[in-house]
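# An overview of the molecular structure
Residues per chain, in single letters:
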Amino acid sequence: AVFTSCGTEADNWAIRAALWQNRHLGRHVVTTAVEHSAVLESCKWLEREGYELTYLAPDQNGDIQAEQVLAAVRPDTALVSMMLVNNELGNLYPVRPVAQGLAEKNPRTLLHTDAVQGFGLFSVKRLEADLVTVSAHKIGGPKGIGALYAGPRVKSPKPLLAGGGQESGFR
């Protein structure tokens, strides 16, 4: 994991790192319509840059199904980004089943989860997501401290912020 200034920075970096890695795979991203603004605003930027976004709507109970996510994945899907826990309703989203489904449907597609709301409730390895965002203030730590976990499938992520040597050159 690499420490960041906040969860927003970690979300932005995760999205950019995944798209950089999969730049030759395609320009399609799947996310949910109820993501934190750090993800949704990043997705708006991506649309302005020519990426195609698929926004999945939750059902009447606020749930997102793994099958719904996987049905939206195409051969050119570079990234799926979905939160672990909905920050308004508390719904738990099926990150692990999506990760397992991606391994079969399109194994090059990377999976990012904004796990800020569920920090402390999961094991990164059990989630099976490639990129996991967390924030210290959700577990009683100070605001202004986030982290991005990049799993073994994430190859040489480029820094989001250039110029410093912090965090082994990643920040």
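Please refer to the structure higher up on the page.
The following paragraphs examine the structure supplied in this document. Computed from a predicted model, the values in this text were never measured in an experiment.

## Points about the pairing of strand E3 (residues 52-56)
Two elements, strand E2 (residues 28-32) and E3, share five bridges in a ladder whose sense is parallel. Note on E3: the bridge partner recorded for Thr-31 is Tyr-55.

## A word on helix H1 (residues 7-21)
The end-to-end C-alpha distance of H1 is 21 Å, a good match for the 21 Å that 15 residues give at a rise of 1.5 Å each. Listed as buried for H1 are Gly-7, Glu-9, Ala-10, Asp-11, Trp-13, Ala-14, Ile-15, Ala-17, Ala-18 and Leu-19.

## Topic: the pattern of salt bridges
Under the defined criterion, the tally for this structure stands at six salt bridges. Between Lys-44 and Glu-41 there is a salt bridge, with the nearest N and O atoms lying 3.2 Å from each other. A residue pair is termed a helical-turn pair when its members lie 3 or 4 positions apart in one helix, as Lys-44 and Glu-41 do in helix H2 (residues 37-48) at three residues. Taking the relative accessible area as the measure of exposure, Lys-44 reaches 38% and is therefore partly exposed. By relative accessible area, Glu-41 is classed as partly exposed at 39%. Across the salt bridge formed by Glu-52 and Arg-74, the nearest N and O atoms sit 2.9 Å from each other. Placement of Glu-52 in strand E3 and of Arg-74 in the loop between helix H3 (66-72) and strand E4 (77-81) is noted, with a sequence separation of 22 residues between them.

## Points about the packing of aromatic side chains
Applying the stated rule across the entire model yields zero aromatic pairs. The ring of Trp-20 carries Arg-23 above its face, with NZ or CZ at 3.8 Å from the centroid. One cation-aromatic arrangement involves Arg-48 over Trp-45; the distance from NZ or CZ to the ring centre is 4.7 Å.

About the cut-offs
Residues numbered from 1 in each chain as written. Predicted model: local features only at pLDDT ≥ 70, side-chain atom pairs only at ≥ 80, totals over all residues. Heavy atoms only, no water. Pairing = 2+ DSSP bridges. Helix = DSSP H or I, 4+ residues; strand = E, 2+ residues; numbered from the N terminus. Expected span 1.5 Å × (residues − 1). Buried < 20%, exposed > 50% of the residue type's maximum accessible area, 1.4 Å probe, protein only. Salt bridge = Lys/Arg side-chain N within 4 Å of Asp/Glu carboxyl O. Phe/Tyr/Trp six-rings, centres within 6.5 Å; stacked < 30°, edge-to-face > 60°. Lys NZ or Arg CZ within 6 Å of the ring centre and 35° of its normal.

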